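# Observations on chain architecture
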Amino acid sequence: MSIPQAPKLELIEATETTIQVEFKPVSSISDYELQWKPVEASWDQGASAEVNASGTIKTCKAEAYNLEPGMTYCIRLVCVSNGEKGNPGRDLIIDTEQVGCAPKADKGCGCTIQ
């Protein structure tokens, strides 16, 4: 049996150091690998995380983490079956948030305007 191509990723949220995505799992696959890299880097310089979507999950969430603020990242998903990886899904290109001085809802920012 051939491994299907990974499903399409949808952006949920991008922060300064994380990008959260979701996808609709393929019925025959329960294991996935989320891969990410700076857009200008090669995939062998990227990072990854295992994602398990077993059971009757209709949508599955995954997160790229330890990212640099204000950078552009390329994220993709790969189906994994019995330790073998299928072809990656389409790349999603996302910018992380810039480090800013905007106050949080419950805190001040500590900036001094002169």
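Scroll up for the structure.
In what follows, the accompanying structure is described. (Residues numbered from 1 in each chain as written. Predicted model: local features only at pLDDT ≥ 70, side-chain atom pairs only at ≥ 80, totals over all residues. Heavy atoms only, no water.)

### Thoughts on the pattern of salt bridges
- The final tally for this structure, using the stated rule, is 2 salt bridges.
- Taking the shortest distance from any N to any O, the salt bridge between Lys8 and Glu10 comes out at 3.5 Å.
- A relative accessible area of 62% places Lys8 in the exposed class.
- As a salt-bridge pair, Glu33 and Lys85 come within 3.0 Å of each other at their nearest N and O atoms. With a gap of 52 residues between them, Glu33 in strand E3 (residues 31–38) and Lys85 in strand E7 (residues 84–85) connect regions that are remote in the sequence.
- The class for Glu33 is buried, based on a relative accessible area of 12%. (Salt bridge = Lys/Arg side-chain N within 4 Å of Asp/Glu carboxyl O. Buried < 20%, exposed > 50% of the residue type's maximum accessible area, 1.4 Å probe, protein only. Helix = DSSP H or I, 4+ residues; strand = E, 2+ residues; numbered from the N terminus.)

### Remarks on the packing of aromatic side chains
- Across all of its chains, the model carries 2 aromatic pairs by this definition.
- Above the ring of Trp43, the side-chain terminus of Lys37 is found at 5.1 Å from the ring centroid.
- The ring centre of Trp43 lies 3.8 Å from the NZ or CZ of Arg76, which sits over that ring. (Phe/Tyr/Trp six-rings, centres within 6.5 Å; stacked < 30°, edge-to-face > 60°. Lys NZ or Arg CZ within 6 Å of the ring centre and 35° of its normal.)

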